Amino acid sequence: MKFSYKFSNLLGAVYRKGNILFGPDGNTIISPVGNRVSVFDLKNNQSETLPIESNTNVTCVALSPDGVTLILVNEEGDALLCSLLSRTVIHTYKFHRPVHCIQFSPDGKKFAATRDNMVQVFHAPGKTKEFNPFVLYRTFYGAYDETTCIDWTSDSKALCVGSKDMNTRIYGTERYNNLIAYTIGGHADTIVGAFFEKDSLDLYIISRTGHMSVWKCDTELDGLEPYTKPEMETGATLVSDDEEEEQQKKEEDVTKQSANNENQIKYGRRAKHSYKESLGEGAKISKLTSVAYHKDIHILVSGFMDGSFYLHELPDFNLIHSLSISDQIISSVAFNKTGDWIGLACTGLGQLLVWEWQSETYVLKQQGHFNQISCLSYSPDGQNLATGGDDGKVKLWNTSSGFCFVTFNEHLGGVTGVVFSQNGQVVLSSSLDGTVRAFDLNRYRNFRTFTSPRPAQFSCITVDSSGDIVCAGGMDTFEVFVWSMQTGRLLEVLAGHEGPVSSVTFSSHKALLASGSWDKTVKLWDVFENKGAKETIVLSSDVLSVRFRPDGNELAISTLDAQITFWDPSNVVQTHSIEGRHDLGYSRKEGDKITAKKAAGGKAFMTICYSADGKCLLAAGQSKNVCIYSVPDQLLIKKFGISCNMSFDGMEEYLDKKKMTDWGSLALVDQGEMDKNGQNISLPGVKKGDLSSRHWKPEVRVVSIQFSPTGRAWAAATTEGLMIYSLDSGLVFDPFDLDIEVTPNSTKKALSRGEYSTAIILSFKLNEMKLKQEILEHIPVSSIEVIVENLPDIYVDKLLVFLATQLETTAHIEFYLLWVNKILMTHGLKLKQRSQKIISCLRTLQKNITRKYEDIGKICDHNKYSIDYILALSECKRKRSPHTDEEKEISDSEMDEVNELDSSDDDFMTSLMDKVT
């Protein structure tokens, strides 16, 4: 069993807060998700969460024009310089203040960031030979309030900055005689966006009230005159606060002097437009929240607080589209490189959309759970994941692409449990609305609903190995309900618990049902005999989770005192136990009045799960840690920290002394909507405009955890989202039995000499994926049988794992299937004896072969129907053609048309047969 699981992907959440942006190719979109960043490849239908974490939630993202360097800024003003090539953090810089906007110049040599009432311009990393990647170039002052937005001219000579003081200022990145600082007013609210026209100094300024001004400059870009008498330093380095104030005074003096300069560039307002006027009379406009402008196609997209967005053509401000995606605030909008796609992000719903405005279709439409994820379940093949949330939705996610491909909205209350049937065609869910629903994954519909005789809230669900019996535990009735999947009828009500049923699970090989309850008991039922509880296990504390080992010969029970006990279900004897209170880790919430060690007394493992081979156990609960235990040794093997996001509560063991006063912690004071770290909860029944919203800071916790059936990954439903840890995201180079003679050159020489067995063994010792693929694909098909027969057993397992992995992406399907066939036919008996060790490999192999079978089967079926259609069409034409001289003669023109039609059919038939073969 390997334990080198690495963070692989983040599902269940596609956007939290901050600005979204497209990559230079226009086919990828970058979205901040909490303290991480996800990259969605729209062309290949893939998503990836970068293995980069910030200390708090990310609020600003900037990407260099070459698409290599990424800058992330979090809520505390800490900037992370990241490389998209190596997926690592290169450097960290502290702004010490919140940053509203950060943007690279078009030439990629500089980037600007807003901080308080100033704008700081830095040299772009890698463009200058400096040890410190963040080299301050200049600082621009003049604003009386916080700066909000930035835009550069096409040649990077000047930039404009919008501010909350309702003014927009234009600065020259270098010293110019006719441009030092120019201020433009005329708006009555915060400036949301200010944009230069392409290859011009002309400006479009949009304010929060929905008004846009068009400003014409009397000077062209090439008309900026270089500054000949420098009165100030041309460069700057990191300075102290006192030096910064002196420099600010100098800048303000120069700005006042420039206002009286006759050579100063001048702006004149050419037009003023309003969104309300463009929509017509009677239209209601809410507050403008985000704008984006594409300079090549002259299209402006605007997002509003009520979820509507508009497209206008500039400079005439002609309305192109008026649409709405929800009733929540649109937090960020962005154009791709060509201007065909528009990205829209909504914080309230966690929604991310990519809309093609010309064809009016969605390229991407993803949304996480509105509230937290409450449960998860892997499909039997490990290809899909089902999640249930407190918002009453059941979502299905593809583990390969990372996208949600179906959402079921039938539940009216929070979903408490989800589970797949054994064949993977049905997913069942239990809910607090008193129903258990079964969803068909072929037609994507709710085909059966199970209810109880009297209303009951269901807290957990399970299904037997045959998929015929469905069981759910009641939260308020203290009973376990048993239904038939085929008929939907209630078969039995298992009574005996004296507290809410917290967990139910079926044994995979025996007709045995285990139910755990808050009454400190676990009951074993034989649901087919219907003779009441077969056995009762009495424990010392409330039962939180119950799980059978995959072979059904062991039962693991997690209780409220943070203990995990293991029982033999046949003899009802406890075999061993694990004390996990100290393994959960110590943490203290900001509002706690007791220490972290005392608070640990109330923490326990809320969810547990066996690995595929049954030798290890995953456990997690009210903590940021996920523990993996060795069941035979009863030892903690490894502890995974799911997050380092300090925006969550319960992350630190000791509280910050700066927040402590004589009357308690400052965190106990509700800051309302002005607090940046928490979330707002509306009062019941109020959807928008709630001025009585309460405030809270989410607590980090793991509510559900499960191993993938393939054994290559495990998933955890956390406050952060659905986090997947995988073995496949580890190091590419992991050598085995390596010595000085094992090199890539010696491996390739052995292949060139025809020593195929030696080449394979050497490549697996190096264990480099590309080298193994190269060696294997150069081996002749005629030599496969001989090589497989003489291959040592240890390399048979490694070769089978490699083949199972490659079958997912390779185009040489038949070649790899020949290898698999020879291995299974030659070493089948030996593989069966050690099947428990390679069960994860066999399941991966089955999953990938099944997927290829389905994909190729669809193509073959389509070709088969096309051939049948063509044969039927040709037969009909033969019936219509004349056979005797007495029939009506056909004119020359009609004969030519028939010949052309027949020739086109022949060409189509030939091309189709080529595709099939």
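Above: the structure in question.
Note that this is a predicted model, so its numbers are computed, not measured.

Moving on, we come to the sheet that holds strand β20 (residues 211-217). Each strand in a sheet pairs with another by means of backbone hydrogen bonds, the pair being arranged parallel or else antiparallel. Across the sheet, four strands lie side by side as β18-β19-β20-β21; this open sheet has antiparallel pairing. Every other strand in the sheet has two partners, leaving β18 (191-196) and β21 (267-274) as the edge strands with one partner each. For this sheet, the mean angle separating the axes of adjacent strands, direction not counted, is 20 degrees. Two elements, strand β19 (residues 203-207) and β20, share four bridges in a ladder whose sense is antiparallel. Residue pairing in the sheet places Y204 in a bridge with V214 of β20.

Relative to the 20 Å expected for 14 residues at 1.5 Å per residue, helix α8 (residues 793-806) spans 20 Å between its end C-alpha atoms, a close match to the ideal helical length. Here α8 has its buried residues at Y795, V796, L799, L800, F802, L803, A804 and Q806. In this fold, the buried residues of α8 make contact with α5 (756-766), α6 (769-777), α9 (813-833) and α10 (839-880).

As a further point, take the packing of aromatic side chains. Each aromatic ring pair is summarised here by two numbers: the centre-to-centre distance and the angle between the ring planes. Evaluated as defined, the whole model comprises 34 aromatic pairs. Ring centres of F304 and Y310 lie 5.1 Å apart, and the angle between their planes is 65 degrees; on these two criteria the pair is classed as edge-to-face. The pair formed by F304 and Y310 is uniform in burial state, with each residue classed as buried. Judged by centre distance (5.7 Å) and plane angle (85 degrees), the rings of F815 and Y816 are edge-to-face. Following the ring pairs from residue to residue traces out a cluster consisting of Y5, F7, F640, F707, W714 and Y725. Directly above the aromatic system of F7 lies the positively charged group of R36, at a separation of 3.9 Å from the ring centroid. When the ring centre of Y137 is taken as reference, the NZ or CZ atom of K110 above it lies at 4.8 Å.

Let us look at the packing of α5 against α8. Between α5 and α8, the shortest axis-to-axis distance is 11 Å and the interhelical angle comes to 75 degrees. With respect to α8, the axis of α5 lies roughly perpendicular. When α5 is examined against α8, the residues I761, F764 and K765 are found in contact with a partner set consisting of Y795, K798, L799 and F802. Tallied by class, the residues present in the contact of α5 with α8 amount to five nonpolar, no polar and two charged.

With that out of the way, let us pick up the side chain of S302. By the element assignment, S302 lies in strand β23 (residues 299-304). In terms of polar contacts, S302 uses its side chain to reach the side chain of Y275, at 2.3 Å.

Time to look at the pairing of β19. The buried fraction of β19 amounts to five of the five residues, a majority that puts the element mostly inside the structure. Burial of the side chains of β19 extends over both faces: L203, I205 and S207 are buried on one face and Y204 and I206 on the other. Summarising the sheet, β18 and β19 pair through five bridges and their orientation is antiparallel. Opposite I191, over in β19, you have S207 as the bridge partner. Where β18 folds back onto β19 in an antiparallel hairpin, the turn is made up of six residues, including D199, whose phi is positive at roughly 55 degrees. Hairpin connection between β19 and β20: a loop of three residues separates the two successive antiparallel strands, and G210 in this loop has a positive phi of roughly 90 degrees.

The next point concerns the environment of Q46. Among the structural elements, Q46 can be located in strand β5 (residues 46-49). On the basis of relative accessible area, Q46 is assigned to the partly exposed category, the value being 34%. A C-alpha to C-alpha distance of 4.4 Å links Q46 and S401, two positions 355 residues apart in sequence. Contacts of Q46, omitting those with residues within four sequence positions, involve V39, F40, D41, S400, S401 and F403.

Moving on: unusual backbone geometry. That bond from L314 to P315 is cis: its omega, 10 degrees, falls within 30 degrees of zero. Residue position: P315 is located in the loop between β24 (308-313) and β25 (318-324). Phi at D199 takes a positive value of approximately 55 degrees, unusual for a residue other than glycine. Backbone geometry places E360, a non-glycine residue, at a positive phi of 55 degrees. With respect to the helices and strands, the residue E360 is situated in the loop between β28 (351-356) and β29 (361-367). With a relative accessible area of 49%, E360 lands in the partly exposed category.

About the cut-offs
- Residues numbered from 1 in each chain as written.
- Predicted model: local features only at pLDDT ≥ 70, side-chain atom pairs only at ≥ 80, totals over all residues.
- Heavy atoms only, no water.
- Pairing = 2+ DSSP bridges.
- Helix = DSSP H or I, 4+ residues; strand = E, 2+ residues; numbered from the N terminus.
- Axes fitted to C-alpha atoms, helices over the stretch in contact; angles between N-to-C directions.
- Expected span 1.5 Å × (residues − 1).
- Buried < 20%, exposed > 50% of the residue type's maximum accessible area, 1.4 Å probe, protein only.
- Contact = heavy atoms within 4.5 Å.
- Phe/Tyr/Trp six-rings, centres within 6.5 Å; stacked < 30°, edge-to-face > 60°.
- Lys NZ or Arg CZ within 6 Å of the ring centre and 35° of its normal.
- Parallel < 35°, antiparallel > 145°, perpendicular 65-115°, else oblique.
- Nonpolar A, V, L, I, M, F, W, Y, C, P; charged D, E, K, R; others polar.
- Polar contact = N/O pair within 3.5 Å; in protein donor to acceptor, adjacent residues only side chain to side chain.

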